[in-house]
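Residues per chain are reported as follows:
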Amino acid sequence: MGKYENDVKQLLTLIGGKENIQAVSHCMTRMRFVLVDPKKADEKAIEELPSVKGTFTQAGQYQVIIGNDVAVFYNEFTAYAGIEGVSKDAVKAAAKTNQNPLQKIMGTLGEIFAPLIPALICGGLVLGFRNVIGEINFFNNGTQSLADISLFWSGTYNFLWLIGEAVFHLLPVGIVWSITKKMGTTQILGIILGLTLVSSQLLNGFSVSTTKAADIPYWDFGFAKVDMIGYQGQVIAAMMAGFVLVYLEKFFKKICPEVISMIVVPFCSLVPAVIIAHTVVGPIGWAIGDAIGNVVYTGLTSDFRFLFAAVFGLLYAPLVMTGLHHMTNAIDS
């Protein structure tokens, strides 16, 4: 007799039976179900089971909280139900059939930005510490910062920008890499495309607003001129460029003979993607970021700024979770 025999039997019945389970897996504390018909699950009765701590639905998955003993419960459940568990990735893939288009988009964004979260957190802490030691005037009647009066802290302030710049100014590299990783295409091509967006050959994107139009460098192709502008800190432009690369690579893989695909596909994917990034989707993404930044700036400086701040705060949370809040860098550019 298993430790959770009674709860396992009842859960299988309450969740709609074996035929209602499309896929099942578990994580550290939860059973993760993808149900054929989520409405068949008796949520209230399931939560009353002794071993169940709660339930919720997220990203198309019906999750039952068991606790630290979830692995034992899972093994007993799959053995009794006569079904085979699958990996968490397989559950995620199956769960997409239960999601509406908006949920699928948000899920994709979440998976793109999730690998970047540790870097964003680290970068945020670094910038916060730099502000404390270099931007806040604590000394000499509020006229000097710690970095102003100490050579050590001045050096530390300058050194930490090495990390801050890598995280936020060069963020497009991470974004394009993550998109290629998520979409299953060649990751090194994503890294290279990202690097072409922030190359030192280009005018830094944060310097555009302070540079005269006549002083902006450009490529001259005879029939057309293209501004040599970088996309440092630009999220939307980098995302659009990343998806262009992904779909170009998938297209050429389909039509290219396998014997020459190793040579043809990378070249035919990367070169057009870089051209399109700097001539089409980059400027479009920049304009979108500018528009959003201007809306935010206008709202926060209007007579209704307190109401705007409250509403924007509620909308801002999911942006922070996905990293999209960095697109407001356009305000400073």
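From a predicted model like this one, the values you see are computed outputs, not experimental measurements.

### Comments concerning a nonpolar patch on the surface
Residues V132, I136, F138, F139 and I149 make up a contiguous nonpolar surface patch of about 430 Å² in total accessible area. Positionally, F138 belongs in the loop between α6 (117–134) and α7 (146–149).

### Focus: the state of the cysteines
The tally for this structure, following the rule as stated, stands at zero disulfides. Its sulfur unpaired, C256 is 7.3 Å from the next cysteine sulfur, which belongs to C268. Looking at C268, the relative accessible area reads 22%, which means it is partly exposed.

### Some remarks on the nonpolar core
Counting 39 residues, the largest nonpolar core has F113, I175, I179, L193, L197 and M239 as its most contacted members. Elements represented by at least two residues in this core include exactly α5 (101–113), α8 (151–169), α9 (171–183), α10 (187–197), α11 (235–255) and α12 (258–301). Ranked by residues supplied to this core, first place goes to α11 with ten residues. L11, V64, Y74 and F77 belong to the second-largest nonpolar core, a separate cluster that totals 25 residues.

### Focus on the confidence of the model for the protein
The predicted coordinates of low-pLDDT regions are not to be read in fine detail. In this model, the protein carries an average pLDDT of 87, and 85% of its residues clear a pLDDT of 70 or more. When pLDDT is averaged over each element of the protein, α10 comes out on top at 97 and helix α13 (residues 305–322) at the bottom at 53. Long-range and interchain partners of residues 319–333, a stretch whose pLDDT sits below 50, account for 39 contacts in this model, where long-range means more than four residues apart.

### Notes on the side chain of T180
Its location among the elements puts T180 in helix α9. Taking relative accessible area as the criterion, T180 reaches 0% and is therefore assigned buried. Ignoring any residue separated from it by four or fewer positions in sequence, one finds T180 in contact with T185, T186, Q187, G190, L245 and V246.

### Overview of the pairing of strand β2 (residues 30–35)
The element β2 is largely enclosed, with a buried count of five among its six residues. Taking the residues between adjacent antiparallel strands as the criterion, strand β1 (residues 21–26) and β2 are bridged by three residues.

### Quick look at the pattern of salt bridges
Side chains bearing opposite charge may pair, as long as their charged atoms lie close to each other. All chains considered together, the criterion is met by four salt bridges. Where K9 meets E5, a salt bridge forms, and the shortest distance between an N and an O atom there is 3.1 Å. Of the two residues, K9 and E5 are both situated in helix α1 (residues 5–14); the distance of four residues between them amounts to about one turn of the helix. Exposure remark for E5: the relative accessible area of 26% places this residue in the partly exposed category. Its salt-bridge partner being K182, residue E111 comes within 2.7 Å of it at the nearest N-O pair. Of this pair, E111 sits in helix α5 while K182 sits in helix α9; the two residues are 71 residues apart in sequence, bridging distant segments of the chain. Taking relative accessible area as the criterion, E111 reaches 29% and is therefore assigned partly exposed.

### Let's talk about the pairing of strand β3 (residues 54–58)
Remark: a regular strand shows side chains that alternate across the two faces of the sheet. Here five bridges tie β3 to strand β4 (residues 61–65), and the two strands are oriented antiparallel to one another. Opposite T57, over in β4, you have Y62 as the bridge partner. Here β3 folds back onto β4, and the loop between the two strands holds two residues, one of which, A59, carries a positive phi near 55°.

### Topic: unusual backbone geometry
For residues besides glycine, phi is generally negative; the peptide bonds are generally trans as well. One non-glycine residue with positive phi stands out, namely N140, at about 50°. Examined against the element boundaries, N140 turns out to sit in the loop between α6 and α7. Take N140: its relative accessible area is 46%, and that puts it in the partly exposed class. Phi angles above zero are rare outside glycine, and N141 is one such case at about 60°. With respect to the helices and strands, N141 occurs in the loop between α6 and α7.

### Observations regarding the environment of E47
The topology assignment puts E47 in helix α2 (residues 43–47). Each C-alpha atom of the pair E47 and V64 lies 8.3 Å from the other, and the pair is 17 residues apart in sequence.

### As for the layout of surface pockets
Taken as a whole, the second largest pocket spans an internal volume of roughly 220 Å³. Lining the second largest pocket are 13 residues, and of these W219, F221, V274, I275 and H278 sit closest to its centre. Per-element accounting of the lining of the second largest pocket gives the leading share, four residues, to α12. In terms of residue class, the lining of the second largest pocket is built from eight nonpolar, five polar and no charged.

About the criteria used
Residues numbered from 1 in each chain as written. Predicted model: local features only at pLDDT ≥ 70, side-chain atom pairs only at ≥ 80, totals over all residues. Heavy atoms only, no water. Patch = residues over 30% accessible without salt bridge, like charges linked within 9 Å, V, L, I, M, F, W, Y side chains within 5 Å. Areas by Shrake-Rupley, 256 points an atom, 1.4 Å probe, with all protein chains shown as cover. Salt bridge = Lys/Arg side-chain N within 4 Å of Asp/Glu carboxyl O. Helix = DSSP H or I, 4+ residues; strand = E, 2+ residues; numbered from the N terminus. Disulfide = S-S within 2.5 Å. Buried < 20%, exposed > 50% of the residue type's maximum accessible area, 1.4 Å probe, protein only. Core = buried A, V, L, I, M, F, W, Y, C linked by side-chain atoms within 4.5 Å. pLDDT = per-residue confidence, 0-100. Contact = heavy atoms within 4.5 Å. Pairing = 2+ DSSP bridges. 1 Å grid on protein atoms, 1.4 Å probe; cavity = no way out; pocket = protein on both sides within 12 Å on 5 of 7 lines; lining within 4 Å. Points joined across faces, edges and corners; volume = space filled by probe spheres on them. Nonpolar A, V, L, I, M, F, W, Y, C, P; charged D, E, K, R; others polar.

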